[in-house]
Amino acid sequence: MEIKTFKDHESLSAAVAAEILATLKNKPGAVICLASGETPRRTCQLLVELARRDKTDISQFTFIGLDEWVGIPPENAGSCHYFFQHELLDPLKIPNQQVHLFDGMSEDLREECTKMDAVIGEKGGIDLIVVGIGMNGHIGFNEPGVSFDNYSHVIDLDETTITVGQKYFTTPVSLQKGITLGLKHLLNAKKAILIANGTKKAGVIRDTVEQKVNNNFPATVMQQHASGFVMIDEGAASLLNQSK
Ligand code: GLP
């Protein structure tokens, strides 16, 4: 695992967008998995801008959505589905058949997980996964205590996730479960990037890189990835030993 620090959220986002574009230029049919949330929003916007400026056709990739809130419909602006569609997939004109998002409204969530795992398997695995980090050290909805051996699964959300998650919604919603790719998917991905910005993430970034690998702090899984990168801005890096 390697740590890369950038001056601010903008330069971090530009570097991640450039990395995604480079992956797609190298392998137009790549399988890319992204998280939703405040951290990757600017990365998505810059990727769209870059692709337009570059006049590169990057519409051939397979997109995998990292996670979804169970019980939240895609038309709700707080859903992960809405984020992916509006920030990335519509602007890049990615055909629906190349897009694989969990349906958090499905009556058979187990089947959603089976379908997702099958798609990733058929496509030969994930080439690049870009994830964020929650205030409890989660990745996707891999909450504290999760097994690193899980593929896609449904999980009870941690109290922190339920509380912090309200920030995505304009009116209070009941958040109880999440459906998510597992950490085994992350470990199997050819390249994994965890991104974080701002001083509010400084504590969880310190724990990600300085705690011993343990499943009570799921993001420590990044230490086990041979091609794993923690890409952060100076705020998120501010509690790291080496930056003191
Ligand atoms: C959310 C999502 C994660 C996301 C993380 C951080 O709950 N489940 O996929 O990466 O928390 O989100 P943000 O970037 O908004 O801080």
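Here the structure is a predicted model, which means the values were calculated and not measured. (Residues numbered from 1 in each chain as written. Predicted model: local features only at pLDDT ≥ 70, side-chain atom pairs only at ≥ 80, totals over all residues. Heavy atoms only, no water.)

Description of the site of the ligand
1) Next: In the neighbourhood of the ligand, 16 residues make up the surrounding shell, with Glu38, Thr39, Asp67, Tyr168 and Lys201 lying closest.
2) Next: Taking Tyr168, its side chain carries an N or O atom lying 2.5 Å from an oxygen atom of the ligand.
3) Next: One of the side-chain nitrogen or oxygen atoms of Lys201 is found 2.7 Å away from an oxygen atom of the ligand.
4) Next: In isolation the ligand exposes 390 Å². Once the protein is present, 95% of that is buried.
5) Next: Spatially, the ligand is embedded in the largest pocket.
6) Next: Among the elements that make up the shell around the ligand, the one with the highest residue count is helix H2 (residues 38-54) (three residues).
7) Next: By residue class, the composition of the shell around the ligand is six nonpolar, six polar and four charged. (Near = heavy atom within 4 Å. Polar contact = N/O pair within 3.5 Å; in protein donor to acceptor, adjacent residues only side chain to side chain. Areas by Shrake-Rupley, 256 points an atom, 1.4 Å probe, with all protein chains shown as cover. 1 Å grid on protein atoms, 1.4 Å probe; cavity = no way out; pocket = protein on both sides within 12 Å on 5 of 7 lines; lining within 4 Å. Sits in = over half its atoms within 2 Å of the grid points. Helix = DSSP H or I, 4+ residues; strand = E, 2+ residues; numbered from the N terminus. Nonpolar A, V, L, I, M, F, W, Y, C, P; charged D, E, K, R; others polar.)

Considering the layout of surface pockets
1) Next: Taken as a whole, the largest pocket holds about 600 Å³ of empty space.
2) Next: Along the walls of the largest pocket sit 37 residues, with Ser36, Gly37, Glu38, Lys167 and Tyr168 positioned nearest its centre.
3) Next: Every element with two or more residues in the lining of the largest pocket is listed here: H2, strand E4 (67-69), helix H3 (80-92) and helix H5 (159-165).
4) Next: The element contributing the most residues to the lining of the largest pocket is H3, with five residues.
5) Next: In this structure, the second largest pocket occupies an estimated 200 Å³ of space.
6) Next: Lining the second largest pocket, in full, are His81, Gln85, Asn96, Val99, His100, Leu101, Phe102, Glu112, Lys115, Met116 and Val119.
7) Next: Counting residues per element, the ones that place at least two in the lining of the second largest pocket are H3, strand E5 (99-100) and helix H4 (109-122).
8) Next: Among the elements that make up the lining of the second largest pocket, the one with the highest residue count is H4 (four residues).
9) Next: By residue class, the composition of the lining of the second largest pocket is five nonpolar, four polar and two charged. (Points joined across faces, edges and corners; volume = space filled by probe spheres on them.)

Examining unusual backbone geometry
1) Next: Positive phi values are uncommon outside glycine, yet Lys55 reaches one of about 55°.
2) Next: By the secondary structure assignment, Lys55 is in the loop between H2 and strand E3 (62-65).
3) Next: At Lys93, a position not held by glycine, the phi torsion is positive, near 55°.
4) Next: Examined against the element boundaries, Lys93 turns out to sit in the loop between H3 and E5.

Remarks on the sheet that holds strand E6 (residues 128-131)
1) Next: The parallel open sheet is built from seven strands, whose spatial order is E1-E10-E9-E6-E2-E3-E5. Both outer strands of the open sheet, strand E1 (2-6) and E5, are each paired with one neighbouring strand and no more.
2) Next: Seen against the sheet, helix H1 (residues 9-26) touches E1, strand E2 (31-34), E6, strand E9 (191-196) and strand E10 (228-233) and runs at an angle of roughly 150° to E10.
3) Next: On the sheet, helix H7 (residues 202-210) packs against E1, E9 and E10 and is oriented at approximately 155° with respect to E10. (Pairing = 2+ DSSP bridges. Contact = heavy atoms within 4.5 Å. Axes fitted to C-alpha atoms, helices over the stretch in contact; angles between N-to-C directions.)

Regarding the pattern of salt bridges
1) Next: Counted according to the given criterion, the structure contains twelve salt bridges.
2) Next: Arg42 is the partner of Glu10 in a salt bridge, and the nearest nitrogen-oxygen pair spans 2.8 Å. A residue pair is termed long-range when its members are at least 10 positions apart, and Glu10 in helix H1 and Arg42 in helix H2 qualify at 32 residues.
3) Next: Given the relative accessible area of 24%, Arg42 is considered partly exposed.
4) Next: Salt-bridge contacts for Lys191 lead to Glu19; the nearest nitrogen and oxygen are separated by 2.5 Å. Of the two residues, Lys191 is situated in strand E9 and Glu19 in helix H1; the sequence distance between them amounts to 172 residues. (Salt bridge = Lys/Arg side-chain N within 4 Å of Asp/Glu carboxyl O. Buried < 20%, exposed > 50% of the residue type's maximum accessible area, 1.4 Å probe, protein only.)

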